[in-house]
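Observations on the model geometry
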Amino acid sequence: MLKLPKPHIKGLLRKSMLEEWQTSWKNDDTGRKSYSIIPSVSLRPTNWIREDVTFFSQHHPFRAYLKRFHLSDSDYCSCGGIGTTLHYATECILTVPWHMRKQVPNFEQEWLKRVTNDLVSRHKIRRIFKVISENRGLFRPP
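We now turn to the structure provided with this report. (Residues numbered from 1 in each chain as written. Predicted model: local features only at pLDDT ≥ 70, side-chain atom pairs only at ≥ 80, totals over all residues. Heavy atoms only, no water.)

The helix and strand inventory of the protein stands at seven helices and zero strands. Counting from the amino terminus, helix and strand elements in the protein follow one another as α-α-α-α-α-α-α. Since a compact globule built from 142 residues should have a radius of gyration of about 14 Å, the 19 Å found for the protein marks it as more spread out than a globular shape. Its C-alpha atoms give the protein principal-axis dimensions of roughly 75 × 30 × 30 Å. In the protein, buried positions account for 30% of the 142 residues. Partitioning the contacts of the protein with sequence separation of at least 6, the portion at a separation of at least 24 is 47%. (Helix = DSSP H or I, 4+ residues; strand = E, 2+ residues; numbered from the N terminus. Rg over C-alpha atoms; globule rule 2.2 N^0.38 Å. Buried < 20%, exposed > 50% of the residue type's maximum accessible area, 1.4 Å probe, protein only. Contact = heavy atoms within 4.5 Å.)

Within the structure shown, the criterion is met by zero disulfides. Free cysteine Cys77: the closest other cysteine sulfur is in Cys92, separated by 3.6 Å. Residue class for Cys77 comes out buried when judged on its relative accessible area of 2%. (Disulfide = S-S within 2.5 Å.)

See the structure below:
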């Protein structure tokens, strides 16, 4: 019987687990918006909080998400724009103090990747999320 050191076995198991996880992440049908921003799995923490995850996965409380899942009759923000995460972050008149420079057309994913790595942008996102959450009625269409 061949005896291998525990650290070696743990390393082999970790490598196998990461490969299996990466394959699953790459081939799955869900989480595609997140996958386009973070295509590689990792055991290193991202230090993201709930608002970061919500923004980058484009989930609640954003109007486009609520409409997509039939939780709202409209995907419009009260300012008249489509209530996507990018709308609130770059053009909504109700979130002007926290706007970020608008992405170049057709480069949304690259813009999102850049924003994920910029702490100042992530703080702006968190503030936008807080304003929307605290003032839901203000962000609903008339």
